[in-house]
Amino acid sequence: AKEQGGNRYQLYTAEMKSTDFERMELEGHLRKAIEREEFELYFQPKLHLHSSGISGMEVLIRWHNPQRGLISPATFIPLAEETGLIIPIGAWVLRHACEQAVNWQQAGHAPVRMAVNLSPRQFLSPDLIATVADSLQETGLDPKFLELEITESTLMQNTEKTLNTLRRLKEMGIRISIDDFGTGYSSLSYLKRFPFDMLKIDQAFVRDIAHDRKDAEIVAAIISLAHSLDLDVVAEGVETEEQLAFLRAHGCDEIQGYLFHRPMPAREFERVLLDRTE
Ligand code: C2E
Ligand code: CA
Ligand code: CA
Ligand code: CA
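Everything numeric in this text was worked out from a predicted model, so none of it was measured. (Residues numbered from 1 in each chain as written. Chains lettered and ligands numbered in written order. Predicted model: local features only at pLDDT ≥ 70, side-chain atom pairs only at ≥ 80, totals over all residues. Heavy atoms only, no water.)

**Q** Sorry if this is basic, but what is going on with the site of ligand 1 here?
**A** Taken together, 22 residues surround ligand 1, and among them Gln44, Arg62, Gln203, Glu239 and Tyr258 come closest. Glu58 places a polar side-chain atom, nitrogen or oxygen, 3.2 Å from an oxygen atom of ligand 1. The separation between a nitrogen atom of ligand 1 and a polar side-chain atom of Glu239 is 2.5 Å. Coverage of ligand 1 by the protein chains reaches 82% of its 800 Å² of free accessible surface. Those elements that provide at least two residues to the shell around ligand 1 are β2 (54-65), α3 (73-83), α4 (86-106) and β6 (175-181). It is β2 that provides the largest number of residues to the shell around ligand 1, a total of four residues. Grouping the constituent residues of the shell around ligand 1 by class yields nine nonpolar, seven polar and six charged. (Near = heavy atom within 4 Å. Polar contact = N/O pair within 3.5 Å; in protein donor to acceptor, adjacent residues only side chain to side chain. Areas by Shrake-Rupley, 256 points an atom, 1.4 Å probe, with all protein chains shown as cover. Helix = DSSP H or I, 4+ residues; strand = E, 2+ residues; numbered from the N terminus. Nonpolar A, V, L, I, M, F, W, Y, C, P; charged D, E, K, R; others polar.)

**Q** Even after reading the chapter, I still don't get the coordination of the calcium ion (ligand 3), so can you show me in this structure?
**A** Angles between donor atoms at a metal ideally measure 109.5 degrees for a four-coordinate tetrahedral arrangement and either 90 or 180 degrees for a six-coordinate octahedral one. Protein ligation of the calcium ion (ligand 3) involves Asp179 (OD), Asp180 (OD), Glu236 (OE) and Glu236 (OE), the donor distances falling in the range 2.2 to 2.6 Å. The distance between the calcium ion (ligand 3) and the calcium ion (ligand 2) is 3.8 Å, with Asp179 acting as a donor to both metals. Residue Asp179 is found in strand β6, and its partner Glu236 is found in strand β8 (residues 232-236); the two are separated by 57 residues along the sequence. Residue Asp179 is classed as buried on the basis of its relative accessible area, which comes to 5%. (Donors = N, O, S within 2.8 Å, 3.2 Å for Na, K, Ca; no water. Buried < 20%, exposed > 50% of the residue type's maximum accessible area, 1.4 Å probe, protein only.)

**Q** Sorry, what's going on with the environment of Asn158 here?
**A** With respect to the helices and strands, the residue Asn158 is situated in the loop between α7 (152-155) and α8 (159-171). Taking the C-alpha atoms as reference points, Asn158 and Asp142, separated by 16 residues in sequence, lie 29 Å from one another.

**Q** What should I look at first to understand the coordination of the calcium ion (ligand 4) in this one?
**A** All of the protein donors around the calcium ion (ligand 4) are Asp180 (OD) and Asp180 (OD); their distances to the metal are 2.9 Å. The metal-metal distance between the calcium ion (ligand 4) and the calcium ion (ligand 3) is 3.7 Å, with Asp180 coordinating both. Looking at the secondary structure, you find Asp180 in strand β6.

**Q** Got a minute to help me understand the environment of Glu242 in this structure?
**A** Mapped onto the elements of the fold, Glu242 is located in helix α12 (residues 241-249). The partly exposed category is assigned to Glu242, whose relative accessible area is 46%. Expressed as a C-alpha distance, the spacing of Glu242 and Thr151, which sit 91 residues apart in the sequence, is 27 Å.

**Q** Sorry, what's going on with α4 here?
**A** At 3.6 residues per turn, the α-helix brings residues three or four places apart onto the same side. In this model α4 runs 30 Å from its N-terminal to its C-terminal C-alpha over 21 residues, within 8% of the 30 Å that 1.5 Å per residue would give. When we look at burial in α4, the residues that qualify are Ile86, Ile89, Gly90, Trp92, Val93, Leu94, Ala97, Cys98, Gln100, Ala101, Val102 and Trp104. (Expected span 1.5 Å × (residues − 1).)

**Q** Explain the nonpolar core here, please?
**A** In a soluble, globular protein the nonpolar side chains are often hidden away together inside. One finds Phe196 and Leu247 to be the most contacted residues of the largest nonpolar core, which totals 79 residues. By residue number, the principal contributor to this core is α4, which donates 10 residues. If we ignore the near neighbours within four places in the chain, the residues touching Leu247 are Leu49, Ile209, Val219, Ile223, Ala235, Val238, Cys252 and Ile255. (Core = buried A, V, L, I, M, F, W, Y, C linked by side-chain atoms within 4.5 Å. Contact = heavy atoms within 4.5 Å.)

**Q** I tried to follow the pattern of salt bridges on my own but got confused; where do I start?
**A** It is possible for side chains of opposite charge to pair when their charged atoms get near one another. Enumeration according to the criterion identifies 17 salt bridges in this entry. Linking Glu149 and Lys46 is a salt bridge whose minimum nitrogen-to-oxygen distance equals 2.8 Å. Of this pair, Glu149 sits in strand β5 (residues 146-151) while Lys46 sits in strand β1 (residues 39-48), and the two are 103 residues apart along the sequence. What makes Glu149 buried here is its relative accessible area of 1%. Beyond isolated ion pairs, a larger network of salt bridges with shared partners links Lys46, Glu58, Arg113, Glu147, Glu149, Arg175, Lys200, Glu236 and Glu254. (Salt bridge = Lys/Arg side-chain N within 4 Å of Asp/Glu carboxyl O.)

**Q** What exactly am I supposed to notice about unusual backbone geometry here?
**A** Note on backbone geometry: most residues besides glycine have negative phi, and most peptide bonds are trans. Even without being a glycine, Glu37 presents a positive backbone phi close to 55°. Position of Glu37 among the secondary structure elements: in the loop between α2 (18-33) and β1. Taking relative accessible area as the criterion, Glu37 reaches 70% and is therefore assigned exposed. The phi torsion at Ser52 lies on the positive side, around 65°, for a residue other than glycine. Tracing the backbone shows Ser52 in the loop between β1 and β2.

Rendered as structure tokens:
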């Protein structure tokens, strides 16, 4: 019934909610987006707080859909995760991110870390290690320049397998960050057990640090907890000078946010790499 031309929309609205229809349509488009080359990677610098020099970058996917325009990852990543499409999309991101890092190094830019987000399903997929190893091998990227951002809630699932996967990634020489720290579970024992390099304070806590005393206390506590475990701390979502001043006063290591740079296409990122003074 789906393909019957003019009656198509009528049939659907008669039988299902428009949201279901929209989801199915979006899923169909998402399925074809890789072969149609509709994805693009954006890059957002992470800066050393003391020097303002670039320490790394986070890779953030963008989807240019011909019918709908730019679709936010906050919309389609959850759908990709639900449908399993995150596996091919994630492999595409990883491969292209490594390739871009190598291209920039070969063009003579001093190497910086390239951080790629992994969703729960990607992280728990049996193919993860092979996918990461292939991306590194096929592009020739030195693993020490690859960082994987894994959310706190992903890390709490299936802990034995999680620990195993993290160990294998570490053995490969890859850096691991805990993303969205503070939004997940309350048990902190995993911080001691798992081999992390870096902790990212979720922007929900950063937003009000200059005005909300409790958020300020939480962020200060997270920074000192991380340091006592030998983890570097990056604050995300830094938008104001007040937030920056607070983070500096509390010894945060790195920052990422609109105050300095928005995520940007590769071409623009190149100019940032050229402009830096280190
Ligand atoms: P995330 O990993 O927490 O990424 C940070 C988000 O904060 C990004 O949103 C970024 O553009 C935004 N951001 C950066 N600085 C600021 C700031 O100063 N203020 C505010 N308000 N926002 C800021 P984006 O690019 O829309 O991505 C949303 C989420 O989608 C990401 O959250 C991540 O969970 C997911 N995502 C994006 N790209 C990928 C990907 O390649 N793979 C996977 N698995 N997930 C991705
Ligand atoms: Ca992230
Ligand atoms: Ca985050
Ligand atoms: Ca987030």
